[in-house]
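One letter stands for each residue in the lines below.
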Amino acid sequence: MKILVTGAGGQLGTELCRLLDENKITYMATGSAQLDITDSKQVDSFFAREQPEVVYDCAAFTAVDAAEEEPGRTINQAVNVQGTQNLATAAEKIGATLVYVSTDYVFDGTNQADYLEGDTPNPRNEYGRAKLAGERVVQATMTKAYIVRTSWVFGEYGKNFVYTMQNLAKTHRELNVVNDQVGRPTWTRTLAEFMLYCVTEKVAYGLYQLSNEGSCSWYEFAGEILRNQDVKINAVESTQFPQKAYRPRHSVMSLAKAEATGFQLMQWQDALHEFQEQIK
């Protein structure tokens, strides 16, 4: 099977490539220098030449606040919408399978129950709108595709909340962390494993939501990250940290559909502890 990983140098892409290596699965890895997904002619030419059978699309613009104004808004649309359209169109032409990663930000966070895959999206920031548009492009274009929504991603290869808290703890004895936003943390390893599982186990095509088990606030997440450190963590409201992009207050997504495939999920605390042991 000929596999392509786009965005291979990013946080998720690097994790996925590492997983493929461990499983001795050969693949082609591209970043924007090797394949500019916003260039439809370049994408068409690449796919016609290389004929990938499975495309793991890890390429994304994820600077949520930057997406609210130029030049970030234009880049967000170019990568997350047009880039997705280009990949989906090229993949469909050659009968390839596409695995597209989306976000909890497609929801507005006003639902107190877990969001189901079929719940009506209502993104309230530019990043969420672009990723939802990407979902719809894939659904409208592809015959064989997996859309995987995820949230609160952390991992070894990139900037994320875990590294931020660990770095702040080196220079601060007291931290203020938001306690009125609740979601599900996701280890990139878990997400990469599910993406690979869908393809190798021939899971039914469609939309899935995938994070680690359990939910928490950012305050609770920070407490677990720094559980063995002498740092006082104060719970504060998000109004104390104004940001350009709206953040959902409650973006807990149901994992029932993903679990029904037989995929085994770790609790977020266990995933976090394993990750922290890995990076010591």
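Every value quoted in this text rests on a predicted model; they were computed, and no experiment measured them.

(A) Geometry of the pattern of salt bridges. All told, the structure shown has 15 salt bridges when counted by the stated rule. For Arg189, the salt bridge is made with Glu22, and the minimal N-O distance between the two is 2.5 Å. Here Arg189, found in helix 6 (residues 188-200), pairs with Glu22, found in helix 1 (residues 11-22); they are 167 residues apart in sequence, far enough to count as distant. Looking at Arg189, the relative accessible area reads 14%, which means it is buried. A salt bridge links Glu193 to Arg189; the shortest N-O distance between them is 3.3 Å. Linking Glu193 with Arg189, this pair stays in helix 6, spanning four residues, or about one helical turn. Where salt bridges share partners, they join Glu15, Arg18, Glu22, Glu156, Arg189 and Glu193 into one cluster.

(B) Representation of unusual backbone geometry in the model. Omega for the bond connecting Glu70 with Pro71 falls within 30 degrees of zero, at 5 degrees, which places this linkage in the cis form. Relative to the helices and strands, Pro71 is located in the loop between strand 3 (54-57) and helix 3 (72-93). At Gln51, a position not held by glycine, the phi torsion is positive, near 50 degrees. For Trp152, which is not glycine, the phi dihedral falls at a positive 45 degrees. By the element assignment, Trp152 lies in the loop between strand 5 (145-150) and strand 6 (153-154). We classify Trp152 as buried; its relative accessible area is 10%.

(C) Spatial organisation of the sheet that holds strand 10 (residues 206-209). What the six strands build is an open sheet, ordered 2-1-3-4-5-10; its pairing is parallel. Each edge of the open sheet carries a strand with a single partner, namely strand 2 (28-30) and strand 10. Strand-to-strand, the axes of this sheet are offset by a mean angle of 15 degrees, without reference to chain direction. Relative to strand 2, helix 2 (residues 40-50) is tilted by about 170 degrees, and along the sheet it contacts strand 1 (3-6), strand 2 and strand 3. Packed on one face of the sheet, helix 4 (residues 126-141) meets strand 4 (97-103), strand 5 and strand 10 and runs near 155 degrees to strand 4.

(D) Examining the nonpolar core more closely. One finds Val5, Leu16, Tyr56, Phe194, Met195 and Leu210 to be the most contacted residues of the largest nonpolar core, which totals 30 residues. Within the residue set of this core, elements represented by two or more residues are strand 1, helix 1, strand 3, strand 4, strand 5 and helix 6. Beyond its immediate stretch of four places on either side in the chain, Leu16 contacts Val5, Tyr56, Cys58, Ala192 and Met195.

(E) How the structure looks around the environment of Asp108. Mapped onto the fold, Asp108 is located in the loop between strand 4 and helix 4. On the accessibility criterion, Asp108 (13% relative accessible area) is buried. A C-alpha to C-alpha distance of 17 Å links Asp108 and Asn179, two positions 71 residues apart in sequence. Ignoring anything within four residues of it in the chain, the contact list for Asp108 reads Tyr115, Asn122, Arg124, Tyr246, Pro248 and Arg249. A distance of 2.7 Å separates polar atoms of two side chains, one belonging to Asp108 and the other to Thr110. A distance of 2.8 Å separates a polar atom in the side chain of Asp108 from a polar atom in the side chain of Asn122.

(F) Focus on helix 5 (residues 161-169). Listing the buried residues of helix 5 in full gives Phe161, Val162, Met165, Gln166 and Ala169. Viewed end-on, helix 5 has its buried residues packed into an arc of 130 degrees, placing them on one side of the element. Where helix 5 begins, one side-chain oxygen reaches toward the backbone nitrogen of Val162, 3.1 Å away; that side chain belongs to Asn160.

Analysis parameters
- Residues numbered from 1 in each chain as written.
- Predicted model: local features only at pLDDT ≥ 70, side-chain atom pairs only at ≥ 80, totals over all residues.
- Heavy atoms only, no water.
- Salt bridge = Lys/Arg side-chain N within 4 Å of Asp/Glu carboxyl O.
- Helix = DSSP H or I, 4+ residues; strand = E, 2+ residues; numbered from the N terminus.
- Buried < 20%, exposed > 50% of the residue type's maximum accessible area, 1.4 Å probe, protein only.
- Pairing = 2+ DSSP bridges.
- Axes fitted to C-alpha atoms, helices over the stretch in contact; angles between N-to-C directions.
- Contact = heavy atoms within 4.5 Å.
- Core = buried A, V, L, I, M, F, W, Y, C linked by side-chain atoms within 4.5 Å.
- Polar contact = N/O pair within 3.5 Å; in protein donor to acceptor, adjacent residues only side chain to side chain.
- Arc of directions from axis to C-beta.

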